[in-house]
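# Examining the three-dimensional arrangement
The primary structure of each chain is shown beneath.
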Amino acid sequence: MIEVKNVSQSYNRHGQRKTLEDINFSVREHTITALVGANGAGKSTLLGVMANLLPALSGSVLLDGTDVRRVKTNAMAKKVAFLKQTQLLSIRVTVNDLVEFGRFPHCAGRLTQLDRDKVSQALEYMNLTELRERYLDELSGGQRQRAFIAMILAQDTPYIFLDEPLNNLDVKYSVEMMKIVQRLVSELNKTVVMVLHDINFAAAYAGYIVAMKDGRIIREGVPEEMITRETLRAVFDFDFRIEKYGGKNVCLYFDNE
Ligand SMILES: Nc1ncnc2c1ncn2[C@@H]1O[C@H](COP(=O)(O)OP(=O)(O)OP(=O)(O)O)[C@@H](O)[C@H]1O
Ligand SMILES: [Mg+2]
């Protein structure tokens, strides 16, 4: 269980300008939670604090009842896998090497047969088996993104945080990605928190939507409650048109005046 309690954060040393302001929420188990909101709303910062990669100014994040600041790095890496919004990797590695990194919290660098099997499964899941010996800098942006997601899968943690995982993916792979994430929840019992910019992907695949604005959570609920003109205007300062499609609300964002 992950609970965020009264979390505030600031990138200024003395906390002059708050990036997160009094965040409270509990991550729903075995569900996809979509974190949505405008650029700069604080989504990546919140995930960073939840994964204990960024310190909170005040408040706490509890992982199964323990403050994440007191969870050792390796233990944390077995609980939470985090795909960051931008991946900085300065060494030249193959897809296979990258996915093996996902197993390091489990094997401390000495891969067992189980670890190799998990790597192969993750590559298979992401349709990367044929590309496994390629270097990352020899891949397209979308293939590279899939390789990073395979690494997250290989890490095999109960909690998965994905910051804009659809970056660089074409429509087919975006849909496949969301289906894979759904299967992680339904077949493997994972709990996923993911930042999504395309509100229709959130509406179609997430079980719960948390909307942030200016460092605060301003609305949260199931998609049917969240995909309304009024809520989306409050979150994005933008008028969406809402239509019904297959019994679900979808939003359109073309200016057709
Ligand atoms: N390392 C940093 N140092 C200083 N300010 C930062 C840093 N990272 C982010 N910020 C600021 O904190 C605020 C929240 O940023 P954050 O990256 O959490 O937003 P976001 O919701 O993820 O936005 P996006 O949709 O653009 O990724 C922004 O005003 C941003 O400029
Ligand atoms: Mg971000």
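Position numbers for residues count from 1 along each chain, tracking the sequence in the order it is written. For this description, chains carry letters from A and ligands carry numbers from 1, given in the order in which they are written. In keeping with the model being predicted, local features are shown solely for residues with a pLDDT of at least 70 and side-chain atom pairs are shown and tallied solely at 80 or more, while totals for entire chains, interfaces and linings include all residues. Note that water and hydrogens are dropped before the side-chain values are worked out from all heavy atoms of the structure.

Glancing now at the environment of Val175. What counts as a helix is a DSSP run of H or I of at least four residues, what counts as a strand is a run of E of at least two, and both are numbered from the N terminus. Locating Val175 in the fold gives a position in helix H7 (residues 171-186). Sequence separation between Val175 and Gln9 is 166 residues, and the spatial gap between their C-alpha atoms is 33 Å. In what follows, residue pairs with any heavy atoms lying within 4.5 Å of each other are defined as contacts. Contact partners of Val175, with chain neighbours within four places excluded, come to Phe201 and Tyr205.

Attention now goes to the sheet that holds strand E9 (residues 208-213). Overall, mixed pairing links the six strands, which are arranged E6-E7-E8-E3-E9-E10 in an open sheet. Of all the strands in the sheet, just strand E6 (80-83) and strand E10 (216-221) have a single pairing partner and so form its edges. Each strand of the sheet is rotated relative to its neighbour by a mean of 15°, with strand direction disregarded. The pairing of strand E3 (residues 32-37) with E9 spans five bridges and is parallel. Bridge assignment links Val36 to a residue of E9, and that residue is Ala211. Helix axes are fitted only over the stretch in contact, all axes being lines through C-alpha atoms; the angle between N-to-C directions runs from 0 to 180 degrees. Along the sheet, helix H6 (residues 141-155) contacts E6 and strand E7 (159-163); its crossing angle with E6, the most-contacted strand, is approximately 175°. Against the sheet, helix H10 (residues 229-236) makes contact with E3, E9 and E10, and its axis sits at roughly 160° relative to E10, the strand it touches most. For two strands to count as paired, DSSP must find a minimum of two bridges between them.

Ideal values for angles at a metal depend on the geometry: 109.5 degrees with four tetrahedral donors, 90 or 180 degrees with six octahedral donors. For Na, K and Ca the donor cut-off is 3.2 Å; for every other metal, N, O and S atoms count as donors within 2.8 Å. Water does not enter the count, which can leave sites looking incomplete. Coordination of the magnesium ion (ligand 2) by the protein is provided by Ser44 (OG) and Gln85 (OE1), with metal-donor distances spanning 2.0 to 2.2 Å. A residue pair is termed long-range when its members are at least 10 positions apart, and Ser44 in helix H1 (residues 43-50) and Gln85 in the loop between E6 and helix H3 (95-101) qualify at 41 residues.

Assignment of secondary structure puts Leu131 in the loop between helix H5 (113-125) and H6. Relative accessibility under 20% of the residue-type maximum defines a buried residue, over 50% an exposed one, and the middle range a partly exposed one, all with a 1.4 Å probe and only protein chains included. On the basis of relative accessibility, which here comes to 13%, the residue Leu131 falls in the buried class. Along the sequence, Leu131 and Asn249 sit 118 residues apart, while their C-alpha atoms lie 38 Å from each other. Not counting the four nearest positions on each side in its chain, Leu131 is found in contact with Val95, Leu139 and Gln143.

Within the structure, ligand 1 sits among 13 residues, and Gly40, Gly42, Lys43, Ser44 and Thr45 are positioned closest to it. Taking Tyr11, its side chain carries an N or O atom lying 3.5 Å from a nitrogen atom of ligand 1. Any pair of N or O atoms that falls within 3.5 Å is considered a polar contact. Within protein, one atom must be able to donate a hydrogen and the other to accept it, and sequence-neighbouring residues count only if both atoms are side-chain atoms. Within the backbone of Gly42, a nitrogen or oxygen atom sits 2.9 Å from an oxygen atom of ligand 1. Calculation of accessible area relied on Shrake-Rupley with a 1.4 Å probe; when residues are assessed, cover is drawn exclusively from the protein chains displayed. Coverage of ligand 1 by the protein amounts to 61% of the 640 Å² it exposes when considered alone. Ranked by residue count, the leading element in the shell around ligand 1 is H1, at three residues. Its residues assigned to classes, the shell around ligand 1 shows three nonpolar, eight polar and two charged. Here, proximity means that at least one heavy atom of the residue falls within 4 Å of the molecule or strand. Residues were grouped as follows: Ala, Val, Leu, Ile, Met, Phe, Trp, Tyr, Cys and Pro as nonpolar; Asp, Glu, Lys and Arg as charged; and all remaining residues, including Gly, as polar.

To continue, consider the pairing of E9. Burial of E9 is extensive: five of the six residues sit out of reach of the surface. Sheet topology places E9 next to E10; five bridges connect them, and they run antiparallel. Opposite Lys213, over in E10, you have Arg216 as the bridge partner. Hairpin remark: E9 followed by E10, antiparallel, with two residues in the connecting loop; positive phi at Asp214, about 50°.

As a further point, take unusual backbone geometry. Of note, the phi angle at His30 is positive, near 55°, even though the residue is not glycine. Its place among the elements puts His30 in the loop between strand E2 (18-26) and E3. Phi is positive for Asp64, which is not a glycine, with a value near 45°. Relative to the helices and strands, Asp64 is located in the loop between strand E4 (58-63) and strand E5 (66-67).

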